[in-house]
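Below are the chains, spelled out letter by letter.
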Amino acid sequence: MAFIRGPNASIMTAAEIQTGLRAEAIELRLGALAELAPPESDPAPYWADVSACLEYPADPVRQAAVVVLARMGAPAVAPLTRALQPDQPPVVRVFAAQAVGNLGPHAAPAIRELCRALTAPDAGLRFHSAFAMGKIGASASPWLQRMLQFSDPLVVCAAVDGLGWVGPPAAHAVPDIQRLGASPLPKMRQCCAAALIKIMQNPAAGLPILERDLQDPDPEVRQGALEQIADLQASGQPAAPNVARCLADPVPEVRGAATLTLARNQADPAWAVPHIERLLRDPEMMVQVKAAMALGAYGPRARSALPSLDAIRREAGPVAAVAAAAMERISEG
């Protein structure tokens, strides 16, 4: 939530702010909170009155109170923890989770309420709560590990995400995450792969899970796995043979993702470039475009593909401009 004070707006005195924070009228409460939101103001003297605004009936006042409390640092952990509780509106809880996360380890007293927020039906609240626990760090990891035993896969995924954001201090949870990596649920497998990579500080740690997903019957799962492997950059090279098999996938989105994955992993151009080059004549234009982009990403190492790219450029079809740009990048060296 942003507060914007007009150029001609008056500055309230300390007494006026205090009165406004205690007023029944929503306009007065919001006006007083707006005075405390800019970075040049000092909200600390109003800690108790701002905290009390979390009990005001109108959601905008509660949201504004959380924004102001977030500026107070560690002393605001207690009221922000109150703002995380289930009787608060979801948007207030999301704001509170974001604020608590920004406090890092100082927010450890909020861990219990963040765990409750991880069980909420609101996906945004689960995400921000997991991220906040990751920012709190090592003290949050045992709590997150216990939440891996929940039956709700959405809650478990959120806990896995949180452990990933904790990073190496969550190494004690690696065996549990590896076990969950064999889940029949694609989302669970892929969040486990991402978490293992972050915790073990080794991009290859999640590759076995992602490579298995390249053979999943669901094309969206295959495409998602390719995109995660692509994000590993050069560390994803060991998966190149399995990625290359996806160049013949019956689904064009998967074929296109495979071309870009090989390029982003910088797989050995001696064999990858000819495979990608063949897709310049794929029946689907989108796959042709991605193949040209992938060849361009290889730069001078894709020089052998220049004749094929030039033929497409001369045809002046919809892929011509992409082929021309790829040729320029390849020829730069």
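For the structure given in this document, a descriptive report is provided here.

Here is what the cut-offs are and how they apply
- Residues numbered from 1 in each chain as written.
- Predicted model: local features only at pLDDT ≥ 70, side-chain atom pairs only at ≥ 80, totals over all residues.
- Heavy atoms only, no water.
- Phe/Tyr/Trp six-rings, centres within 6.5 Å; stacked < 30°, edge-to-face > 60°.
- Helix = DSSP H or I, 4+ residues; strand = E, 2+ residues; numbered from the N terminus.
- Buried < 20%, exposed > 50% of the residue type's maximum accessible area, 1.4 Å probe, protein only.
- Expected span 1.5 Å × (residues − 1).
- Contact = heavy atoms within 4.5 Å.
- Salt bridge = Lys/Arg side-chain N within 4 Å of Asp/Glu carboxyl O.
- Axes fitted to C-alpha atoms, helices over the stretch in contact; angles between N-to-C directions.
- Parallel < 35°, antiparallel > 145°, perpendicular 65-115°, else oblique.
- Arc of directions from axis to C-beta.

Details of the packing of aromatic side chains
Across all of its chains, the model carries three aromatic pairs by this definition. Seen in terms of ring centroids, Phe-127 and Phe-131 are 6.4 Å apart; in terms of plane orientation they differ by 5°. Their pairing is stacked. Of this pair, Phe-127 and Phe-131 both sit in helix α8 (residues 123–136), four residues apart, which is roughly one turn of that helix. Aromatic pair Phe-127 and Trp-165: ring centres 5.4 Å apart, planes at 90°, arrangement edge-to-face. One end of the pair, Phe-127, is in helix α8; the other, Trp-165, is in helix α10 (residues 153–166), with 38 residues separating them in the sequence. A relative accessible area of 43% means that Phe-127 is categorised as partly exposed.

Observations regarding helix α6 (residues 90–102)
Between its terminal C-alpha atoms α6 stretches 19 Å, which fits the 18 Å expected from 13 residues at 1.5 Å a residue. Taken as a whole, α6 has its buried residues at Val-92, Arg-93, Val-94, Phe-95, Ala-96, Ala-97, Ala-99, Val-100 and Gly-101. For α6, the secondary structure elements touched by its buried residues are α4 (59–69), α5 (77–83), α7 (111–118) and α8.

Remarks on the pattern of salt bridges
Counted according to the given criterion, the structure contains 13 salt bridges. One salt bridge in this structure joins Arg-22 and Asp-49, with 3.0 Å as the shortest N-O distance. Residue Arg-22 is located in helix α1 (residues 14–22), and its partner Asp-49 is located in helix α3 (residues 47–52); the two are separated by 27 residues in the primary sequence. The partner of Arg-179 in a salt bridge is Asp-176, and the shortest N-O contact between them spans 4.0 Å. Taken together, the residues span about one helical turn, with Arg-179 and Asp-176 both in helix α11 (residues 174–180) at a distance of three residues. Through salt bridges with shared partners, a single network forms among Glu-55, Arg-82 and Asp-87.

Details of the packing of helix α16 (residues 252–265) against helix α18 (residues 285–298)
Between two packed helices, the angle of one axis relative to the other and the distance separating the axes together describe the packing. Close contact between α16 and α18 brings their axes to 8 Å; oriented N to C, the two are set at 5°. Between α16 and α18, the angle is such that the two are roughly parallel. In this structure, α16 uses Pro-252, Glu-253, Arg-255, Gly-256, Ala-257, Thr-259, Leu-260, Leu-262 and Ala-263 to contact α18, whose residues at the interface are Met-286, Val-287, Lys-290, Ala-291, Met-293, Ala-294, Ala-297 and Tyr-298.

Some details on the side chain of Ser-129
Summarising the element assignment, Ser-129 is placed in helix α8. The class of Ser-129 is buried, set by a relative accessible area of 0%.

Topic: helix α17 (residues 269–278)
The set of residues buried in α17 consists of Pro-269, Ala-272, Val-273, Ile-276 and Glu-277. Burial along α17 is one-sided: seen end-on, the buried residues are contained in an arc of 130°. More than 90 degrees from the buried face of α17, the exposed residues found are Ala-270 and Arg-278. For α17, the secondary structure elements touched by its buried residues are α16, α18 and α19 (306–315).

The quantities given are spatial measurements derived from coordinates; they are silent on function.
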